[in-house]
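Structural characterization, general
Below, each chain spelled out in residue letters.
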Amino acid sequence: MTYQSAERFGEGGDRAASLCILFAMKITRMMGHLLWVAGLLTSCSGPSEAPDASVVTDTSLLSESKASDLRSPVTDPYDSGGVMLPEQAAYDVLFYDLAIEVLPDEKALRGRVGVEASVGSPLAQFVLDLDSKLDVTDVIGIDEDMARTPLPFERRGGKIWISLGRTFQPGERISVEVGYGGQPREAVKAPWDGGVTWGKTPSGEHWIATTCQTIGADVWWPVKDHVSDEPDSMNLHVTVPKPLVAACNGRLERVDETETHRTYNWYISTPINVYNVALNIAPYDAIETEYTSVTGETMPVTFWVLPEDVESGRQVLPEFLDHLRFFEEVLGPYPFRADKYGIAQTPHLGMEHQTIIAYGANFDNGAMTRGEDWGFDALHHHELSHEWWGNLVTNAEWSDMWIHEGFGSYMQPLYLEARQGKERYHAYMASVRDRMTNEHPLADRRTLSAGEIYGSDIYFKGAWVLHTLRYLIGNEAFGNALRRMAYPNSDWEARTDGSQCRFVRTDDFVSLVERITTQDLDWFFEVYVRQPKLPELVIDRADDAVTLHWMTVGELAFPMPVQVSINGEVQRVEVSNEPVRVAVPAGAEVEIDPNDWILREK
């Protein structure tokens, strides 16, 4: 997600074996899924009465669940992640099959979602998340023979508690289907305070988009709302009235049409963060081209734009492709070339929705940089960065969200350096220097929700930490660390089946950098990442010397070398918490850290 202002928080395992199992399961269920979707579409002729959200069906099977509430964490329904319920930690989602009809005039949704999950520990209750503004109409259990059985369920705040009728054992599969509908939460200030945006194009047509990074995907569909659980793949069927177009994640398999409606059938072939599943709906025109990856593979690129902006879209697309080339050269191949690279023009500023990033900069290079034009579309560049930092590499807990946003934010000055030179790189870094608060650890060791970790520091302080690390370890080691954080080795760069996607934590990056440099760098990350306060460089100048030492909170060790310029001659001085004296000629011009590489208190 893009970050707009310092005053407003906002923006933005090898799986091969499980994928083989899942593929076999999908083949056996394919006819059932097709019939299910067809049933939904024939029933989508208008809003229907839904039961009251408090309705419980067959309560005799629910009594054993009550005690669980006493030990379960309490989470804001408009927050995502955090400490997981035991009942949700007990299973791993393999596949979602979401069929949804969008009713623009009513500002309503109606749909059904199939969930296939693998059980990791004994489980009698299956818990999904769904905003209480939306109603659940029914829940169906589906067995191995495709027999369908209604299941009792209960709404408790923003969760659906489904009684499975028996205790499922580790290694078993669960398959349930949930019908739901209603008027979802409208986005208050998308994408930062998200939900569904029911906008209008300049010509007065419907213009609809979903944004839910920090508040959670459950704001518009039933889901396990936790960043640590991605489905291995997903179907997304979106029905809209003509002439609207639904531009979504994955690859388009077909469009089914009736006299009045269209259903866009998308297949997402790789793991996806559920907050990245997105609806982008408007009377779009599609600007299509092909892109040849650094791997030699050709993939489709499509820019869905409003009819009013087709010419602007055509003009900017070559630049967008240059952004794509830059990322491939620095980090490795575009991760989702098995599906596509897509961009959708949106009524909000932007989001990193996998394979269909949201672009709402209105072709203004300064839309996310306080109006300053750096000579490239910074909004598109930032959201594209998340295809690597966030979508390919995902924080295992929101506590490590700086891996998404700090790494993503640092790619913009790197692009400036590559295309315009080192001076512009340093100017960009200086322009964001005042946009950090240093009030909380950049990567807290506690398990936090998206809302708890969110703020400007994960963007700008995160980028500055990488800037300083680059200075410390050198360009070659730093470039290697970036690429191997994205792809652990060159073999991974060839993967397109979903096994290239993985979860990481801050400690993974620390270990990686230490392996590459053969240095102990715990001190660096303890000061910059694990606690909030910046180190202070104490400088004492005398006629014939400059004395330097570092001051840190709790006297944390900080052996950070410092560049000292004496009459234009730059030397690197080893400085620690103990004073070090640097001799200087009388009257010499002395500048400390002349290129502003070190993040420190000033």
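The structure we're discussing is the one just above.
Here's a quick rundown of the structure. From a predicted model like this one, the values you see are computed outputs, not experimental measurements.

**Looking at empty space enclosed by the protein**
Quantified by volume, the largest cavity comes out at close to 40 Å³. Grouping the amino acids of the lining of the largest cavity by side-chain chemistry returns four nonpolar, three polar and three charged.

**Quick look at the packing of aromatic side chains**
Evaluation of the coordinates by the stated rule reveals 35 aromatic pairs. Between tyrosine 91 and phenylalanine 126, the aromatic rings sit 4.3 Å apart at their centres with planes inclined by 35°, giving tilted as the arrangement. In this pair, tyrosine 91 is assigned in strand S1 (residues 91–103) and phenylalanine 126 in strand S3 (residues 123–129), connecting sequence segments 35 residues apart. Residue tyrosine 91 is classed as buried on the basis of its relative accessible area, which comes to 3%. The class of phenylalanine 126 is buried, set by a relative accessible area of 0%. When the centroid spacing of 5.4 Å and the interplanar angle of 80° are considered together, the rings of tryptophan 523 and phenylalanine 558 count as edge-to-face.

**A few points about the nonpolar core**
Membership of the largest hydrophobic core comes to 176 residues, with the highest contact counts inside it found for Phe126, Trp220, Trp221, Trp388, Trp402 and Phe509. Here the element with the most residues in this core is helix H9 (residues 457–473); it accounts for 11 residues. Once residues lying within four places of it in the same chain are set aside, the contact partners of phenylalanine 509 are Trp402, Phe407, Leu466, Leu469, Ala481, Met485 and Phe525.

**Points about the pattern of salt bridges**
It is possible for side chains bearing opposite charge to pair when their charged atoms get close. If you walk through the whole model with that rule in mind, you get 28 salt bridges. Here glutamate 186 makes a salt bridge to lysine 107, at a shortest N to O gap of 3.5 Å. In this pair, glutamate 186 is assigned in the loop between strand S8 (173–182) and strand S9 (195–200) and lysine 107 in the loop between S1 and strand S2 (108–119), connecting sequence segments 79 residues apart. Judged by its relative accessible area of 40%, glutamate 186 falls in the partly exposed class. Note on lysine 107: relative accessible area 34%, which makes it partly exposed. Notably, a salt bridge pairs arginine 445 with glutamate 526, separated by 2.6 Å at the nearest N-O pair.

Calculation notes
- Residues numbered from 1 in each chain as written.
- Predicted model: local features only at pLDDT ≥ 70, side-chain atom pairs only at ≥ 80, totals over all residues.
- Heavy atoms only, no water.
- 1 Å grid on protein atoms, 1.4 Å probe; cavity = no way out; pocket = protein on both sides within 12 Å on 5 of 7 lines; lining within 4 Å.
- Points joined across faces, edges and corners; volume = space filled by probe spheres on them.
- Nonpolar A, V, L, I, M, F, W, Y, C, P; charged D, E, K, R; others polar.
- Phe/Tyr/Trp six-rings, centres within 6.5 Å; stacked < 30°, edge-to-face > 60°.
- Helix = DSSP H or I, 4+ residues; strand = E, 2+ residues; numbered from the N terminus.
- Buried < 20%, exposed > 50% of the residue type's maximum accessible area, 1.4 Å probe, protein only.
- Core = buried A, V, L, I, M, F, W, Y, C linked by side-chain atoms within 4.5 Å.
- Contact = heavy atoms within 4.5 Å.
- Salt bridge = Lys/Arg side-chain N within 4 Å of Asp/Glu carboxyl O.

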